[in-house]
Amino acid sequence: MTEKKRDYKERDYFECVCGDCGEKFAAEKKKKYCPACSEKRWKRNVQRIKNGVRIVGIVAAAVGAAVLALKDDDSSEGESQREQDVGANTEGPKYKLRMKYSDGSIEEEDELFDSEEAAIEYGNYMISCAHEGAETLFMSNPGDYPLDEYDEPDYEIIEIN
């Protein structure tokens, strides 16, 4: 008996059956899907990943907002102590902040400030928070929330005697 010598380039091919369409095809290793179905599955998975990234961006924006809200809650405990101190100090005028938005809405903050500088500082902080929120929305979906259409809010300081 003579053994047949195999050329190193010869390969064994498996006859496979596609799990999606049932077509028979030859492959170097056992595969579940034919090349056409594999490509369709790959494209579908890429789309799922893109949708997942979009969802992750939205979830990240929501989590960021929740973290900021928690930070505001933590800082509000210290602020309430400061408000008590403000109530004890009845000398001089107090100041309040009124936020004005581009849609015409006006929001008056509940906090009282001892100085106009403190109220201005808080107003600038509120504007930076609004800008950061606009950037977060833009990053989550630039098509729905274009940054160039963002109108920065304004504020007004009110003196209370």
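For the structure itself, consult the block above.
These numbers were taken from a predicted model, which means no experiment stands behind them. (Residues numbered from 1 in each chain as written. Predicted model: local features only at pLDDT ≥ 70, side-chain atom pairs only at ≥ 80, totals over all residues. Heavy atoms only, no water.)

J.: Tell me what's going on with the nonpolar core, and back it up with residues and numbers.
T.: Counting residues in each nonpolar core, the largest one holds nine residues, listed as Tyr95, Leu97, Met99, Phe113, Ala119, Tyr122, Met126, Ile127 and Tyr155. Among the secondary structure elements, those contributing two or more residues to this core are strand 3 (94-100) and helix 2 (116-140). With four residues, helix 2 is the largest single contributor of residues to this core. Apart from the residues lying within four places of it in its own chain, the contact partners of Met99 are Ser105, Ile106, Glu107, Glu109, Met126, Ile127, Pro153, Asp154 and Tyr155. The next biggest cluster of nonpolar side chains, apart from the first, holds six residues, and it includes Cys18, Ala27, Cys34 and Cys37. (Core = buried A, V, L, I, M, F, W, Y, C linked by side-chain atoms within 4.5 Å. Buried < 20%, exposed > 50% of the residue type's maximum accessible area, 1.4 Å probe, protein only. Helix = DSSP H or I, 4+ residues; strand = E, 2+ residues; numbered from the N terminus. Contact = heavy atoms within 4.5 Å.)

J.: Go over the environment of Cys18, please, and point to the residues and values.
T.: Position of Cys18 relative to the elements: it lies in the loop between strand 1 (14-17) and strand 2 (24-27). Taking the relative accessible area as the measure of exposure, Cys18 reaches 4% and is therefore buried. Expressed as a C-alpha distance, the spacing of Cys18 and Cys37, which sit 19 residues apart in the sequence, is 7.9 Å.

J.: Just give me the short version of the packing of aromatic side chains, but keep the residues and values in it.
T.: Following the criterion strictly, the structure yields two aromatic pairs and no others. Aromatic side chains Phe113 and Tyr122 sit 5.4 Å apart centroid to centroid with 40° between the ring planes, which places their arrangement in the tilted category. The same class applies to Phe113 as to Tyr122, namely buried. Look at Tyr122 and Tyr125: their rings are 6.1 Å apart centre to centre, the planes differ by 35°, and that puts the pair in the tilted class. Pair noted here: Tyr122 and Tyr125 are both in helix 2, with a separation of three residues, about one helical turn. On the basis of relative accessibility, which here comes to 38%, the residue Tyr125 falls in the partly exposed class. The structure contains a cluster of three or more aromatic residues connected by ring pairs, namely Phe113, Tyr122 and Tyr125. Across from the ring centre of Tyr33, 4.0 Å away, lies the NZ or CZ of Arg41, which sits over that ring. (Phe/Tyr/Trp six-rings, centres within 6.5 Å; stacked < 30°, edge-to-face > 60°. Lys NZ or Arg CZ within 6 Å of the ring centre and 35° of its normal.)

J.: Tell me about the pairing of strand 1, and name the residues and values.
T.: In this sheet, strand 2 lies alongside strand 1 in antiparallel orientation, the contact comprising four bridges. Residue pairing across strands places Val17 opposite Lys24, the latter belonging to strand 2. Counting the residues in the hairpin turn of strand 1 and strand 2 gives six residues, including Gly22, whose phi is positive at 80°. (Pairing = 2+ DSSP bridges.)

J.: Describe the side chain of Ser140, with residues and values.
T.: In this structure, Ser140 sits in helix 2. Since its relative accessible area comes to 12%, Ser140 is described here as buried. In terms of polar contacts, Ser140 uses its side chain to reach the backbone carbonyl oxygen of Leu137, at 2.7 Å. (Polar contact = N/O pair within 3.5 Å; in protein donor to acceptor, adjacent residues only side chain to side chain.)

J.: Could you give an account of the environment of Glu152, with specific residues and numbers?
T.: Within the secondary structure, Glu152 sits in the loop between helix 2 and strand 5 (154-160). Between the alpha carbons of Glu152 and Ser128 there is a distance of 9.1 Å; along the sequence they are 24 residues apart.

J.: How would you explain the pattern of salt bridges if you had to name every residue and give the values?
T.: Within this structure, the stated rule accounts for eight salt bridges. Ionic pairing is found between Lys100 and Glu156, a salt bridge with its closest N-O pair at 3.3 Å. With Lys100 in strand 3 and Glu156 in strand 5, the pair connects residues that are 56 residues apart, well separated along the chain. On the accessibility criterion, Glu156 (28% relative accessible area) is partly exposed. (Salt bridge = Lys/Arg side-chain N within 4 Å of Asp/Glu carboxyl O.)

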